[in-house]
Amino acid sequence: MAAAGAGGGGAGPLVVLGGCYQQVLFGYRLREWRQSWDPEADFTHHAHTASLTVVAVNDQYVATGSKDETIHLYDMKKKIDQGSLLHHNGTITCLEFYGNTHLLSGAEDGLICVWDSKKWECLKSIRAHKGHVSSLSVHPSGKLALSVGTDRTLRTWNLIDGKSAFIKSIKQNAHIVLWSPSGDSYVVVSNNQLDIYSLQTASISGVITCQQRISSVQYIMESIIAVAGDEENVRLYDTDSQKCLCEFKAHETRVKALHFFRVGENNVLATASSDGYIKMWKLHVEEIQKCPELLSEVNTKARLTCLAVWRSSVTQGVADQGAHGQEHAATNKCFEENKNKMEATLLVGATPPETKRQILHKRKTLVKTKAKTKKIKQ
């Protein structure tokens, strides 16, 4: 890790992260985002021996996946290299943190791994797809995950026991799957088509078709999604009507990745492109048809492949207290109301809701009990 500075603003810093073909992770810090959105070069991290494919964050760690088949970890709070996870035998295709307790990873070896993000042990290795795992998404409850792969299937996983809850054949290989903020619906992307699924019916409720292959999607709100593809424009769609609400030119060449976050009064969409630029756009959620306002941009001079924004716990607290706190509360209420519906649809006969720590403790106790019984019998 080559650092260019340290410290942060009183409201908590933001760090924009961009991975590239040149095996490097760039970090740009926004120290005082309340006053200025101009990013400062913070660090470069060259931990991989092949191009980066994905980057994921929680409020402590940054995890990067690569074509070198490894996952690399960096502790943003302690400013130390945490080492690598070496379980997969194929390009790492997807990474997603669930809070501060778990990291899920998927790769071209067809496996999905569940990692304990405290001890960094692999708790579960699931043979998820016959081909590659292309994308995964964890439900807001942490009990379910969706995955798509090159075997033309959409799979639902019960994360309580690590078993498949539902398998759906799809017409073509999908490369993106993503839950909505409430977990009441999800989208599946195949080439240039985005299918919107209702959790209640497990069927397609709408279709959005783009001219070019879709490279990245991000939910802005429960019914608004940002879509980027192999072109310079980004579009915002209404998932209920499937109509395009806004379209703007974000870059000079194709947009590779999107990352949406809220901080204070700001709804910010970060974009990364093959042209080497990372840009941040302020969205006007109340007037979504208005073109976003460009807050800042930085030229990495590299071929970017992936994007994320790390926020300290202080910054996330500021985000929760912002203008959209009521919206978050409404989303959580919506999720609670649909919780029973979800479990009835996909988790019939599943383990009753418990915390992962309790379940892990019970499993360890069960193993010890079986071992003692075996010794007594001998």
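Residues numbered from 1 in each chain as written. Predicted model: local features only at pLDDT ≥ 70, side-chain atom pairs only at ≥ 80, totals over all residues. Heavy atoms only, no water.

Let us look at the overall build of the chain. Tallying secondary structure elements over the chain gives 3 helices and 29 strands in all. Burial analysis of the chain (378 residues in total) assigns 55% to the buried set. Partitioning the contacts of the chain with sequence separation of at least 6, the portion at a separation of at least 24 is 45%. Of the roughly 17100 Å² that the chain leaves accessible, carbon and sulfur atoms contribute 48%. (Helix = DSSP H or I, 4+ residues; strand = E, 2+ residues; numbered from the N terminus. Buried < 20%, exposed > 50% of the residue type's maximum accessible area, 1.4 Å probe, protein only. Contact = heavy atoms within 4.5 Å. Areas by Shrake-Rupley, 256 points an atom, 1.4 Å probe, with all protein chains shown as cover.)

To continue, consider the nonpolar core. Membership of the largest hydrophobic core comes to 23 residues, with the highest contact counts inside it found for Leu14, Val16, Trp37, Phe261 and Met280. Those elements that provide at least two residues to this core are strand S2 (14–20), strand S3 (25–30), strand S25 (255–263), strand S26 (266–273), strand S27 (277–282), strand S28 (293–299) and strand S29 (304–311). If we ignore the near neighbours within four places in the chain, the residues touching Phe261 are Leu14, Trp37, Asn266, Asn267, Val268, Met280, Val309 and Arg311. (Core = buried A, V, L, I, M, F, W, Y, C linked by side-chain atoms within 4.5 Å.)

What follows is about the confidence of the model for the chain. Note: predicted coordinates in regions of low pLDDT should not be interpreted at a detailed level. Overall, the prediction assigns the chain a mean pLDDT of 85, with 80% of residues at 70 or greater. Note on residues 5–10: pLDDT is under 50 here. Beyond four places in sequence and across chains, it has 11 contacts. Segment residues 321–378 is flagged for pLDDT under 50; beyond a separation of four residues in sequence, or across chains, it makes 53 contacts in the model. (pLDDT = per-residue confidence, 0-100.)

Once that is clear, we can look at the environment of His139. By the secondary structure assignment, His139 is in the loop between strand S13 (133–138) and strand S14 (144–149). Remark: the alpha-carbon pair of His139 and Tyr186, spanning 47 residues in sequence, is separated by 9.4 Å.

What follows concerns the environment of Glu69. Tracing the backbone shows Glu69 in the loop between strand S6 (61–66) and strand S7 (71–75). The residues touching Glu69, leaving out its near neighbours within four places in the chain, are His88, Asn89, Gly90, Thr91 and Ile92.

The next thing to look at is the pattern of salt bridges. A side chain of one charge can pair with a side chain of the opposite charge if their charged atoms are brought near each other. According to the stated counting rule, one finds 9 salt bridges in the structure shown. The partner of Asp42 in a salt bridge is Lys79, with the nearest N and O atoms 3.7 Å apart. Here the residue Asp42 occupies a position in strand S4 (residues 40–45), and Lys79 occupies one in the loop between S7 and strand S8 (80–85), the gap between them amounting to 37 residues. Measuring nitrogen to oxygen at the nearest pair gives 3.8 Å for the salt bridge that ties Glu297 to Lys279. Placement of Glu297 in strand S28 and of Lys279 in strand S27 is noted, with a sequence separation of 18 residues between them. Given the relative accessible area of 13%, Lys279 is considered buried. (Salt bridge = Lys/Arg side-chain N within 4 Å of Asp/Glu carboxyl O.)

Note on placement: Asp151 falls in the loop between S14 and strand S15 (153–158). Residues within four places of Asp151 in sequence aside, it is in contact with His129, Lys130, Gly131 and Asn173.

This part covers the sheet that holds S14. Across a sheet, paired strands are connected by hydrogen bonds in the backbone, their directions being either parallel or antiparallel. Pairing within the open sheet is antiparallel, and its 4 strands lie in the order S13-S14-S15-S16. In this open sheet, the two strands that pair with only one neighbour each are S13 and strand S16 (163–169). The mean angle between the axes of side-by-side strands here comes to 20°, regardless of whether they run parallel or antiparallel. Bridging between S14 and S15 involves 5 bridges; their strand directions are antiparallel. The residue bridging Ser147 from the neighbouring strand is Arg155, located in S15. (Pairing = 2+ DSSP bridges. Axes fitted to C-alpha atoms, helices over the stretch in contact; angles between N-to-C directions.)

Moving on, we get to unusual backbone geometry. Phi is positive for Gln23, close to 75°, though the residue is something other than glycine. On the secondary structure map, Gln23 appears in the loop between S2 and S3. We classify Gln23 as partly exposed; its relative accessible area is 24%. If you check the backbone angles, Asn191 has positive phi at about 55° while not being a glycine. Among the structural elements, Asn191 can be located in the loop between strand S18 (185–190) and strand S19 (193–198).

The strand order S25-S26-S27-S28 describes an open sheet built from 4 strands, whose pairing is antiparallel. The sheet is open, and its two edges are formed by S25 and S28, each paired on a single side. With strand direction ignored, the average angle separating the axes of adjacent strands in the sheet is 20°. As judged from the 8 bridges shared by S25 and S26, these two strands associate in the antiparallel manner. Looking at S26, one finds that Leu258 is bridged to Thr271.

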